[in-house]
Amino acid sequence: MLKGCMPFPKEIADNYVAKGYWKNVPLGDAFDRVAEVYYKKEALIFEDLRITYGQLKSGSDRLAMHLLNMGLRPLDRVVVQLPNIPEFVYCYLACLKIGVIPVMCLPPHRYSEISYIAKKCEARGYLIPDVFNKFNYLELAEEIKAEVPSLEFVLVAGRQCPDQYVLINDLLEDRIEERQSVGNLEEYRPDPMEVAVFLLSGGTTGLPKIIPRTHNDYLYTSEMTSKPLGFNMYTAFLVVAPLGHNMTLACPGVMGTYLNGGKVVLSASTRVDNICGLVEKERITNLPLVPALIIGLLNYEKRKGYDLSSLLTITSGGSKLNPEVAKRIKPELGCHLVQQFGMAEGLLTMTDMNDDDEARFNTIGYPVSPADQFKIVGPDGEEVSLETPGELWCRGPYTIRGYYDAPAHNEAAFTEDGFYKSGDIVRLHPSGRLIVEGRKKDLINRGGEKISPEEVENLILAHPKVENAAVVAMPDPVMGERSCAYVTLKQQDADLTLEELNLFLLEKRIAKFKFPERLEVISEFPLTNVGKIKKNVLRQDIERKTAEENRAKI
Ligand code: OOB
């Protein structure tokens, strides 16, 4: 396995193969097999582009050959920072076919994240749009190239780019298969036990950790998560969240839709009018959303003007769904709710369409594989009794055994016998389903997008006026949580505004969703007897303040 990755122990891997969980089929082959059956059927829709399985297969073959000709080889890493456009899917499949590892970054990431990740995984390629959401990625690429010596190729989705970069569409249009045999790809067919994709962790430590997912485990993920949703060739799957998220990519996501011969529709925006318009136009059957968008959809007054009757399921995942919101889905949107709890590290749990209301509104269901193992553990490291909250530890055929090149962190995050310590606090319902109670890890979950407080605190601490800083989650009725920064200042009589702080963070060039949305300047921090900031006291403080402010508004 790629150096820096922790393989599954041999006897366990053999057992997963023997039991049929791992098919020993690379992801690219799995797609091609379906594409041959559904050659003329629509696979990918974006605005007025309608792409068939046949076109997607031949386009990704062509792109794979071009990548090889450029010099990319199996297990090379390429950072992917493309938005939800067809080029993303072509490039993803092309990489999978030749074992090049796509590193799933997000369009809002900026210099700070991309330079760190590209360096950490020694990326040889960087895939970007030219301009997206008014941001110029070509300029960013220049700086990344200067900073990351391994980076040789910049591939651009767009109409124009500097000479030293390559336009993805030029490659997609150049009929290389007339000069070279497609059969040559066989030679580079990846080992299914190898890494297929690098995902990024939500990150509780300073910077994101890299999550290696293998062909075998990632294929299994998509197979198992498409079952509770009843995916088949009539599935019309709408992608709203970034394609680089595990949920949209593979749980069951794009890959799960393809394994079943369905069609994927890409949404260019997260606006509710856009979502409703696409559901009506494309007769969408399955819609995965974070709870914040479900709330947006339910509260969208003009929704009744759209025909949403094709919807069979809405999957909610990424952050906790309030049961009061869950209850409204069936009566108001006319489709089933399926709750999904997951993590890029692996484990997934889901409710079933046929579950009763109590289970669907209040639980996150069962782990999706019979081979998933989990423990719910108290602070002493011992398993707690039924219905007692504790930390969720998990292990199984699609949960990683370690982050990429992070031995010290792995020691803390995994047990010796391979359980991943998720940092989530859950409780076991007598039915065997799990209920999310909270979390132990220091993280902010802003509408499903994860923020590492430590990463932001380290940047705030560099502000000349700031003496000490702590970033905590504040409750929010739509996003679930937003980020609030508490700071003490070096000079007690000085002041600092949120605008001033965020202008400073803008210079530090991190993704904007990580910016604090509220600032509390205090005179001193509540400290434990060993001098650590008592974050729970700050969380309670901001919870009380926001509750009081909300009461005052009514
Ligand atoms: C998904 O993956 P990540 O890696 O962005 O975040 C994982 C964390 C979990 O550890 C948990 O803290 C939280 O996100 N989470 C939920 C949740 N689903 C995820 N918390 C409460 N309720 C839920 N339903 O977020 C992810 C990956 C695959 C599928 C779905 C979500």
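Here's a quick rundown of the structure. (Residues numbered from 1 in each chain as written. Predicted model: local features only at pLDDT ≥ 70, side-chain atom pairs only at ≥ 80, totals over all residues. Heavy atoms only, no water.)

In terms of residue burial, helix 2 (residues 27-37) counts as a mostly covered element, since eight of its 11 residues are buried. Buried within helix 2 are the following residues: Leu27, Gly28, Asp29, Ala30, Phe31, Asp32, Val34 and Ala35. In the core, the buried residues of helix 2 are packed alongside helix 3 (53-70), helix 4 (86-98), strand 10 (195-200), helix 8 (215-226) and helix 10 (253-259). (Buried < 20%, exposed > 50% of the residue type's maximum accessible area, 1.4 Å probe, protein only. Helix = DSSP H or I, 4+ residues; strand = E, 2+ residues; numbered from the N terminus. Contact = heavy atoms within 4.5 Å.)

Right, let's get into the side chain of Ser267. Relative to the helices and strands, Ser267 is located in the loop between strand 13 (263-266) and helix 11 (272-282). Using a relative accessible area of 1% as the deciding quantity, one classes Ser267 as buried. A polar atom in the side chain of Ser267 sits 3.1 Å from the side chain of Asn274. Setting aside residues up to four positions removed in sequence, Ser267 forms contacts with Asn84, Leu238, Val239, Val240, Asn274 and Leu278. (Polar contact = N/O pair within 3.5 Å; in protein donor to acceptor, adjacent residues only side chain to side chain.)

With 93 residues, the main nonpolar core has Leu56, Tyr92 and Tyr258 as its most contacted residues. In this structure Leu56 touches Phe31, Ala43, Leu44, Ile51, Val89, Tyr90, Leu93 and Tyr258, once residues within four positions along its chain are discounted. Val265, Leu278, Ala326 and Leu333 belong to the second-largest nonpolar core, a separate cluster that totals 33 residues. (Core = buried A, V, L, I, M, F, W, Y, C linked by side-chain atoms within 4.5 Å.)

Bringing the packing of aromatic side chains into the picture now. Considering all chains together, one arrives at 18 aromatic pairs under this definition. Aromatic side chains Phe31 and Tyr53 sit 6.0 Å apart centroid to centroid with 25° between the ring planes, which places their arrangement in the stacked category. In this pair, Phe31 sits in helix 2 while Tyr53 sits in helix 3, placing the two residues 22 residues apart along the sequence. Here Tyr300 and Tyr306 contribute two aromatic rings whose centre-to-centre distance is 6.3 Å and whose plane-to-plane angle is 35°, an arrangement assigned as tilted. For Tyr306, a relative accessible area of 26% puts it in the partly exposed group. (Phe/Tyr/Trp six-rings, centres within 6.5 Å; stacked < 30°, edge-to-face > 60°.)

Here we come to the packing of helix 2 against helix 4. Where helix 2 contacts helix 4, the axes come no closer than 7 Å and their chain directions differ by 115°. Taking contact as the criterion, the partners of Leu27, Gly28, Phe31 and Asp32 in helix 2 are, on helix 4, Leu93, Leu96 and Lys97. Looking at the contact of helix 2 with helix 4, its residues break down into four nonpolar, one polar and two charged. (Axes fitted to C-alpha atoms, helices over the stretch in contact; angles between N-to-C directions. Nonpolar A, V, L, I, M, F, W, Y, C, P; charged D, E, K, R; others polar.)

The next point concerns helix 12 (residues 291-298). With seven of eight residues buried, helix 12 is to be regarded as a mostly interior element. Those residues of helix 12 not exposed but buried are Pro291, Ala292, Leu293, Ile294, Ile295, Leu297 and Leu298. The elements touched by buried residues of helix 12 are helix 11, strand 14 (286-289), strand 15 (313-317) and helix 13 (323-333).

On to the environment of Arg62. Mapped onto the fold, Arg62 is located in helix 3. Sequence separation of Arg62 and Leu249 is 187 residues, and the distance between their C-alpha atoms is 22 Å. The contacts of Arg62, once residues within four sequence positions are left out, are Leu171, Leu172, Glu173, Asp174, Arg175, Ile176 and Glu177.

This part is about the environment of Val89. Tracing the backbone shows Val89 in helix 4. Relative accessible area serves as the criterion here: at 2%, Val89 is assigned to the buried category. The contacts of Val89, once residues within four sequence positions are left out, are Leu44, Leu56, Leu243 and Tyr258.

A word on the sheet that holds strand 21 (residues 420-428). Here we have four strands laid out as an open sheet, ordered 19-20-21-22, and antiparallel in their pairing. Pairing within the sheet leaves two strands with one partner each, and these edge strands are strand 19 (373-377) and strand 22 (434-439). Going across the sheet, the axis of each strand differs from the next one's by a mean of 45°, ignoring polarity. Relative to strand 22, strand 21 is paired through five bridges, and the arrangement is antiparallel. Across the sheet, the residue bridging to Leu428 is Leu434, located in strand 22. (Pairing = 2+ DSSP bridges.)

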